[in-house]
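Structure at a glance
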Amino acid sequence: MNAEQLKNSILQRAIEGKLVEQRPEEGTAAELLREIKVEKARLVKEGKLKKEKPLPEIKAEEIPFEIPESWEWGRLGDVFNLQAGKNIVSAEIHETQNKQHPYPCYGGNGLRGYVSTFNRKGDYPLIGRQGALCGNINFASNIFYATEHAVVVETYCNTSVKWAGLFLKALNLNQYATATAQPGLAVRTINQVIIPLPPLAEQKRIVAKIEELLPHVEQYGKAHDELTALNEKFPDAMKKSILQYAMEGKLVEQREEEGTAKELLAAIKAEKARLVKEGRLKKEKPLPEIKAEEVPFEIPKSWEWVRLSTVTKQIGDIDHKMPPTVPEGIPYISPLNFTNDGIDYDSAKKIKKEDYDKLAKKIYPECGDIIFPRYGTIGVIRQVDTDRPFLASYSCCVIKLLSNSMNRNYVKLVLDSPLTKAEINRYTNKTTQPNVGLNSIQQFLIPLPPLAEQKRIVAKIEELLSCCGALGNESTA
């Protein structure tokens with residue numbers, strides 16, 4: 001429950017007569033209603049109030065809940081006098097208060113500015129009667145101007161103005177607005193809305209109790225907002241922390257029987273040599289050696305720092321020219337087609353089969369490959385989970401992984417880690433449209449554990465992230 005919901009709950013208890021106790025010595029609302037009727041009749045006789053048609057009696061089926069015996073249900077038009085303000089042109093309303101424009105001007109959504117004239121004196125609740133916020137409640141006091149978009153609520157017989165505003169808010173008058181492009185509240189409509197009426201002394205005690213509770217509600221609201229913010233940050237912050245620990249070799253223990261990364265590098269070299277010999281992989285240019293100043297942190301002795309291209313099968317992109325699109329064809333995806341956890345192939349642009357065949361000669365995505373955006377949302381990766389043919393836009397590169405020597409999920413986790421985010425920042429070209437070049441991605445540093453340890457790291461991360469998700473769900477429940 002947030003602060004607004006708590007405030008609404010307090011108001012609901014108030015209008016049901018459950019916020020403060022009833023006291024017999026304070027009289028009844030029936031007596032108050034009779035006094036209001038007498039006062040309104042006197043004002044009509046004096047010409048200070050226009051005589052209105054009698055409102056219909058309240059039927060049993062209109063009453064939404066029980067109220068204390070000392071209370072009464074009354075229609076707003078009988079308890080108050082509701083009257084819309086007067087029209088005023090915008091040019092006459094000034095943003096700041098000065099000698100020429102000393103009077104506050106209130107519209108349907110509160111203070112609009114300041115004007116040179118006024119049409120009300122005293123303390124009143126105001127009901128907004130126009131626009132998306134119609135039915136909202138504001139207060140105006142002293143000398144002011146009410147526009148035609150504000151309904152001024154006149155109270156009688158010392159009825160508490162604050163009580164009136166609070167109960168009017170609890171009635172949710174917006175529900176009576178016309179369902180049009182520009183919602184509005186007609187005075188004749190809200191005149192017939194019913195309101196629970198307590199005796200005068202109890203009105204004041206209700207107001208005092210609500211004012212006593214509101215500071216606590218505000219404190220609760222601040223605490224609730226802070227907790228909500230922490231809960232929202234928790235999964236992401238914890239994921240980053242877990243991934244960083246994993247990259248530093250601190251998430252699982254090292255085991256001598258699992259060998260070393262040097263031995264794994266020899267196996268990777270052999271696998272890539274075999275693929276080159278079979279004509280399934282193009283021979284790569286040598287990558288620059290890793291300098292000591294490039295290494296961001298220490299890793300276990302059994303690990304090795306390597307460049308991304310060393311442990312992947314291929315990192316490439318297609319020609320940098322968008323082929324013509326067609327209504328039906330092969331999907332041509334970009335980061336715009338990324339969903340929260342995948343790729344929406346159906347929403348992608350489509351290209352002809354012959355254009356696909358031509359572009360796919362350079363590189364095409366397959367199930368298990370990683371799509372790595374080089375522009376815009378740089379490094380917000382997605383792993384391919386389909387065998388359907390498609391192409392990734394030249395705004396992305398495709399990272400093809402080795403099937404025998406590397407754990408695919410470990411490489412994906414590295415690319416999702418704070419380490420890769422740092423590598424992206426290191427290599428990003430700070431141009432009008434920031435981007436990371438293909439050669440730069442190939443040179444990204446990654447920490448390489450033995451293959452068996454890679455698998456254990458992936459399993460541990462999946463276990464921990466599952467726990468984080470459960471904790472996050474519990475804290476927001």
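As shown above, the structure is provided for reference.
By convention here, each chain's residues receive numbers from 1 onward along its written sequence. In keeping with the model being predicted, local features are shown solely for residues with a pLDDT of at least 70 and side-chain atom pairs are shown and tallied solely at 80 or more, while totals for entire chains, interfaces and linings include all residues. Based on all heavy atoms of the structure, the side-chain values leave hydrogens and waters out of the count.

Here we take up the packing of aromatic side chains. Note on ring pairs: Phe, Tyr and Trp rings are taken, using the six-membered ring of Trp, and paired if centres are within 6.5 Å. Classes follow the plane angle, with under 30 degrees stacked, over 60 edge-to-face and the rest tilted. A full pass over the atoms with the stated rule returns 11 aromatic pairs. Centre to centre, the rings of Y106 and F144 are 5.7 Å apart; their planes meet at 90°, and the pair counts as edge-to-face. Taken together, the residues span a long stretch of sequence, with Y106 in strand β3 (residues 103-107) and F144 in strand β8 (residues 143-146) at a distance of 38 residues. Buried means the residue's accessible area, taken with a 1.4 Å probe over protein chains only, is under 20% of the maximum for its type, while exposed means over 50%, and partly exposed covers the values in between. Overall, F144 belongs to the buried group, its relative accessible area being 0%. Cluster of aromatic residues (ring-pair linked, three or more members): W71, F80, W163 and F167. Whether a charge sits over a ring depends on NZ of Lys or CZ of Arg being within 6 Å of the ring centre and within 35 degrees of the ring normal. Positioned above the aromatic ring of Y124 is the side chain of R120, whose terminal nitrogen or guanidinium carbon lies 5.5 Å from the ring centre. Over the ring of Y364 we find K400; its NZ or CZ atom is 5.2 Å from the centre of that ring. In this description a helix means any DSSP run of H or I spanning at least four residues, a strand means any run of E spanning at least two, and both kinds are numbered starting from the N terminus.

Site definitions follow a grid-based scheme: protein atoms alone, a 1 Å grid, a 1.4 Å probe that fits but cannot get out for cavities, and for pockets an open set with protein on both sides within 12 Å along at least five of seven lines, plus lining residues having an atom within 4 Å of a point. Grid points are joined across faces, edges and corners, and a volume is the space filled by probe spheres set on the points. Put simply, the largest pocket is a space of about 1400 Å³. Elements represented by at least two residues in the lining of the largest pocket include exactly α7 (261-277), β11 (304-307), β12 (312-316) and α11 (438-442). The biggest single contributor to the lining of the largest pocket is α7, with 6 residues. Residues are grouped as follows: nonpolar covers Ala, Val, Leu, Ile, Met, Phe, Trp, Tyr, Cys and Pro; charged covers Asp, Glu, Lys and Arg; every other residue, Gly included, is treated as polar. Class assignment for the residues of the lining of the largest pocket results in 16 nonpolar, 8 polar and 15 charged. In this model, the second largest pocket occupies a volume close to 700 Å³. Residue lining of the second largest pocket: 21 residues in total, with K37, P54, L55, G77 and D78 positioned closest to the centre. Elements supplying a minimum of two residues to the lining of the second largest pocket: α2 (29-45), β1 (72-75) and α3 (76-79). With 6 residues, the single largest contributor to the lining of the second largest pocket is α2. By residue class, the composition of the lining of the second largest pocket is 10 nonpolar, 2 polar and 9 charged.

Once that is clear, we can look at the pattern of salt bridges. Whenever Lys or Arg places a side-chain nitrogen within 4 Å of a carboxyl oxygen from Asp or Glu, that contact is recorded as a salt bridge. Enumeration according to the criterion identifies 31 salt bridges in this entry. Between E154 and R120 there is a salt bridge, with its nearest N and O atoms 2.8 Å apart. On the criterion of sequence distance, the pair formed by E154 in strand β9 (residues 150-154) and R120 in strand β5 (residues 120-121) is long-range, its members being 34 residues apart. On the basis of relative accessible area, E154 is assigned to the buried category, the value being 17%. Owing to a relative accessible area of 13%, R120 belongs among the buried residues under this scheme. Among the charged side chains, a network of salt bridges with common partners joins E21, R23, E26 and R205.

In an α-helix, one turn spans 3.6 residues; hence positions three or four apart end up facing the same way. Expected helix span is taken as 1.5 Å per residue step, with the number of steps being one fewer than the number of residues. Between its first and last C-alpha, helix α1 (residues 3-15) extends 19 Å over 13 residues, near the 18 Å set by a 1.5 Å rise per residue. Inspection of α1 places I10, L11, A14 and I15 among the buried residues, and these make up the whole buried set. The buried side chains of α1 occupy one side of the element, clustering within an arc of 135° when seen end-on. Between the side-chain oxygen at the start of α1 and the backbone nitrogen of E4 there is a gap of 3.2 Å, and the oxygen is on N2. Our arc is simply the arc of the directions from the helix axis toward the C-beta atoms. The definition of a polar contact used here is a pair of N or O atoms within 3.5 Å, where within protein one atom must be able to donate a hydrogen and the other to accept one, and adjacent residues in sequence count solely through side-chain atom pairs.

Only C-alpha atoms enter the line fits that serve as axes; for helices the fit covers just the stretch in contact. Angles between N-to-C directions range over 0 to 180 degrees. The geometry of α1 relative to helix α4 (residues 161-170) is characterised by a closest axis approach of 9 Å and an angle of 110° between their N-to-C directions. Here α1 lies roughly perpendicular to α4, going by the angle between them. Contact with α1, carried on its side by E4, K7, L11, A14 and I15, involves L166, F167, K169 and A170 of α4 and no other residues of that element. Considering only residue class, the contact of α1 with α4 consists of 6 nonpolar, no polar and 3 charged. Between 65 and 115 degrees an angle is taken as roughly perpendicular, under 35 as roughly parallel, over 145 as roughly antiparallel, and anywhere else as oblique. The contact definition used throughout considers only heavy atoms, calling two residues in contact when any of these lie within 4.5 Å.

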